[in-house]
Amino acid sequence: MKKVIVHDKSIEMTVLMTPDLVNFSGKVHGGAIMRLLDQVAYVCASRFSGHYVVTLSADQVFFRHPIHVGELVTFLANVNYTGKSSMEIGIKVVSENTRTRIRNHVLSSYFTMVAVDENSRPVEIAKVDVTTNKDQERFESALQRKKMREQFWKK
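Residues numbered from 1 in each chain as written. Predicted model: local features only at pLDDT ≥ 70, side-chain atom pairs only at ≥ 80, totals over all residues. Heavy atoms only, no water.

Undergrad: Is there a simple way to explain helix 2 (residues 133–154) in this structure?
TA: One turn of the α-helix equals 3.6 residues, which is why residues spaced by three or four share an orientation. Relative to the 32 Å expected for 22 residues at 1.5 Å per residue, helix 2 spans 32 Å between its end C-alpha atoms, a close match to the ideal helical length. Those residues of helix 2 lying buried are Asp135, Ala142, Arg145 and Arg149. The buried residues of helix 2 occupy an angular sector of 95° when the element is viewed end-on, so they sit on one face. For helix 2, the exposed residues set more than 90 degrees away from the buried face come down to Asn133, Met148 and Lys154. Looking at the buried side of helix 2, the elements it contacts are strand 2 (52–59), strand 3 (72–82), strand 4 (86–96) and strand 5 (103–116). (Helix = DSSP H or I, 4+ residues; strand = E, 2+ residues; numbered from the N terminus. Expected span 1.5 Å × (residues − 1). Buried < 20%, exposed > 50% of the residue type's maximum accessible area, 1.4 Å probe, protein only. Arc of directions from axis to C-beta. Contact = heavy atoms within 4.5 Å.)

Undergrad: What am I meant to see in the sheet that holds strand 2 here?
TA: Hydrogen bonding along the main chain pairs the strands of a sheet, whether they run parallel or antiparallel. Read across the open sheet, the five strands follow the order 1-3-4-5-2; overall the sheet is antiparallel. Sheet topology places strand 1 (10–16) and strand 2 at the edges, where each strand pairs with a single neighbour. Going from strand to strand, the sheet's axes swing by 30° on average, the running direction of each strand aside. In this structure, strand 2 lies alongside strand 5, joined through seven bridges in antiparallel fashion. Residue Ser57 lies in a different strand from strand 5, and its bridge partner there is Thr112. Where helix 2 meets the sheet, its contacts fall on strand 2, strand 3, strand 4 and strand 5, and the angle it forms with strand 3 comes to roughly 80°. (Pairing = 2+ DSSP bridges. Axes fitted to C-alpha atoms, helices over the stretch in contact; angles between N-to-C directions.)

Undergrad: Explain helix 1 (residues 30–49) here, please?
TA: With 20 residues, helix 1 ought to run about 28 Å at 1.5 Å a step, and its terminal C-alpha atoms sit 28 Å apart, in line with that. Every buried residue of helix 1 is accounted for by Ala32, Ile33, Leu36, Leu37, Val40, Ala41, Cys44, Ala45, Ser46, Phe48 and Ser49. At its buried positions, helix 1 is contacted by strand 1, strand 2, strand 3, strand 4 and strand 5.

Undergrad: For this particular structure, what's the right way to read the packing of aromatic side chains?
TA: Within a pair of aromatic rings, the relevant descriptors are the distance that separates the centres and the angle that separates the planes. For the structure shown, the criterion picks out two aromatic pairs. In this arrangement the basic side chain of Arg145 is found over the ring face of Tyr110, its NZ or CZ atom lying 3.6 Å from the centre. (Phe/Tyr/Trp six-rings, centres within 6.5 Å; stacked < 30°, edge-to-face > 60°. Lys NZ or Arg CZ within 6 Å of the ring centre and 35° of its normal.)

Undergrad: What is the right way to look at the pattern of salt bridges in this model?
TA: A pair can form between side chains of opposite charge whenever their charged atoms are brought close. What the rule picks out here adds up to eight salt bridges. Two residues, Arg103 and Glu96, come together in a salt bridge whose shortest N-O distance is 3.5 Å. In this structure Glu96 comes out as buried when scored by relative accessible area, which is 14%. Between Lys146 and Glu150 there is a salt bridge; the shortest N-O distance is 2.6 Å. Of the two residues, Lys146 and Glu150 are both situated in helix 2; the distance of four residues between them amounts to about one turn of the helix. The partly exposed category is assigned to Glu150, whose relative accessible area is 37%. What you see here is one network of salt bridges that share partners, running through Asp59, Glu88, Arg145 and Arg149. (Salt bridge = Lys/Arg side-chain N within 4 Å of Asp/Glu carboxyl O.)

Undergrad: Can you help me understand the environment of Ser10 in this one?
TA: Among the structural elements, Ser10 can be located in strand 1. Taking C-alpha positions, Ser10 is 9.0 Å from Arg47, a pair spaced 37 residues apart along the chain. When residues no more than four places from it in sequence are discounted, the contact partners of Ser10 are Cys44, Ala77 and Asn78. Of note is the side chain of Ser10, whose polar atom sits 2.5 Å from the side chain of Asn78. (Polar contact = N/O pair within 3.5 Å; in protein donor to acceptor, adjacent residues only side chain to side chain.)

Encoded structure:
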C-alpha cells in the first residue's frame, strides 16, 4: 500500500479569553494574542511541512478592535506561499461576543516560518498548491510582501 502524505495548508483554532490574559485596562493583553499568533503559525507551518519550524518574522500586527474577557477568539491560518524552506502563514483573527454574537475582525498578520532539521538547519519543503482564485491571490500578495522584506534586509 502506498503511503499518501497530505500537506494541510489551513488550520482554525478558537480560544476562550480568560481573566489571566488581561492587561491593566481590563482588555486582553496584546502580548497574549502575539503568543497565540506565533503558536498558530507554528502549528500551521509544521503540519504543512512535516518538520519542526522556527519563526523568522512577523509582519503587520495592528489591532483594529480590543478583545474582552469572555469572548471567543478564532485564529484562521493558511500557508500562502512557500519557498525552498520557508513559508508565509497568513492569520486572520476574529473575536466573538458569545452573548450578542457580534464578531469583529481584530487583525490580520503574516508570519514567515522556516522548516528545520534536527540540527536546526533549513530543510526543503513541498510547494503549496495554488488551485483556487483565492489561493492565487494569497500567493501573489505573499510574493509581494516577500520582496518588500528582502528590500528591508538589504538596507
